[in-house]
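Here is what each chain is made of, one letter per residue.
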Amino acid sequence: MSKIIIANFKMNKNFDECANYVKVFKKFAVQDGKVAVLCPPAFALPLFAHELHKNKKCFVGAQNCAFATNGAFTGELSATMIKSTGAKYVILGHSERRNILGETDEVINKKVKLAIEAGLVPVVCIGEKLEEISRKKTILSNQIKKSLDGVDLAQVVIAYEPIWAIGTGMTCESSDIAFVHEYIKSKFKTNAGDDPIVVYGGSVKSANASEILNTCGVDGVLVGGASLDPNEFLKIVRA
Ligand code: PGA
């Protein structure tokens, strides 16, 4: 299976900056064995989807979707609206949305189900805080049980992102990443009995991407800060 390399721009880049980014990115081929998923701010989804639609190894994703299908939810974008832009993925339950915007596992679960119904692949983030490291197995497994309740894990990507490693430059040791990924894969299975897809996120950059991508149980990476420069992100895709 190809490794998935996901770029999460977060709330960065205006329209012109997005247009420049995709222009640079689309010049380069993504090599066999990798797929790239670019998650720009929502306004740029149609632009990215249009520019990358001919590239079979590049996909577009949103950073969030609404917990309802339509109606009086000012400012929200539904999963079907996101799908209609040409996007294929949606990041859900990112720790910034959990901790800054108060999203609960229950809300994330509703979003995951609507995203799947709309034909999107949810990238569902889980992760422990620094003070929770000693209890991380319980924390992570509760997040998976609740946010993915009633969901076939074959339809999602799980992103393990230790919160203390996000945007801090502190990466998890490879042995700890392998431990967590193996733990998730041994404890949770798809309806067909297969291992779920699990990617790692937290201060991934070109200098550590190859080691992380070659760590046991790692099916890809979710990249924040280092994805903002298209050349740096391409180096990660090629790692
Ligand atoms: P980072 O962010 O790569 O800047 O640590 C990762 C993420 O939040 O998804």
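Summary of the structure given here. Just so we're clear, the structure is a prediction, and the values are computed from it rather than from any experiment.

Quick notes on the rules
- Residues numbered from 1 in each chain as written.
- Predicted model: local features only at pLDDT ≥ 70, side-chain atom pairs only at ≥ 80, totals over all residues.
- Heavy atoms only, no water.
- Core = buried A, V, L, I, M, F, W, Y, C linked by side-chain atoms within 4.5 Å.
- Buried < 20%, exposed > 50% of the residue type's maximum accessible area, 1.4 Å probe, protein only.
- Helix = DSSP H or I, 4+ residues; strand = E, 2+ residues; numbered from the N terminus.
- Contact = heavy atoms within 4.5 Å.
- Salt bridge = Lys/Arg side-chain N within 4 Å of Asp/Glu carboxyl O.
- Near = heavy atom within 4 Å.
- Polar contact = N/O pair within 3.5 Å; in protein donor to acceptor, adjacent residues only side chain to side chain.
- Areas by Shrake-Rupley, 256 points an atom, 1.4 Å probe, with all protein chains shown as cover.
- Nonpolar A, V, L, I, M, F, W, Y, C, P; charged D, E, K, R; others polar.
- Pairing = 2+ DSSP bridges.

What follows covers the nonpolar core. Counting 63 residues, the largest nonpolar core has Phe-25, Phe-48, Val-112, Leu-148, Val-156, Ile-184 and Phe-233 as the members making the most contacts within it. The biggest single contributor to this core is helix α2 (residues 45-52), with five residues. In contact with Phe-25, other than residues within four places in its own chain, are Ala-36, Leu-38, Leu-52, Cys-58, Phe-233 and Leu-234. With 14 residues, the next largest nonpolar core counts Val-35, Cys-39, Ala-159 and Leu-222 among its residues.

As a further point, take the pattern of salt bridges. Oppositely charged side chains are able to pair whenever their charged atoms sit close together. Taken as a whole, this structure holds eight salt bridges when the rule is applied. With its nearest N and O atoms 3.0 Å apart, the salt bridge here joins Asp-32 to Lys-57. Separated by 25 residues along the polypeptide, Asp-32 in the loop between α1 (15-26) and β2 (34-39) and Lys-57 in the loop between α2 and β3 (58-62) bring together distant segments of the chain. Exposure remark for Asp-32: the relative accessible area of 64% places this residue in the exposed category. Among the ionic pairs, Glu-103 bridges to Arg-97, the shortest N-O distance being 2.8 Å. The buried category is assigned to Glu-103, whose relative accessible area is 10%. Owing to a relative accessible area of 23%, Arg-97 belongs among the partly exposed residues under this scheme. Residues joined in a network through salt bridges with shared partners are Arg-97, Glu-103 and Lys-111.

Around the ligand, the structure places 13 residues, and the nearest of them are Lys-10, His-94, Glu-161, Gly-167 and Ser-203. Measuring from an oxygen atom of the ligand, one finds a side-chain N or O atom of Glu-161 at 2.7 Å. Taking Ser-203, its main chain carries an N or O atom lying 2.8 Å from an oxygen atom of the ligand. Taken by itself the ligand offers 280 Å² of open surface, and the protein chains cover 95% of this. Of the residues that constitute the shell around the ligand, the class distribution is four nonpolar, seven polar and two charged.

Another aspect to go through is the pairing of β2. One face of the sheet, then the other: side chains in a regular strand alternate in exactly this way. Counting buried positions along β2 yields six of six residues, so the element is predominantly enclosed. Across the two faces of β2 the burial is the same, with Lys-34, Ala-36 and Leu-38 and Val-35, Val-37 and Cys-39 all buried. One ladder, built from six bridges, connects strand β1 (residues 3-8) with β2; its direction is parallel. Paired with Ile-4 across the bridge in β2 is Val-35.

Function cannot be read off these values alone, since they describe shape.
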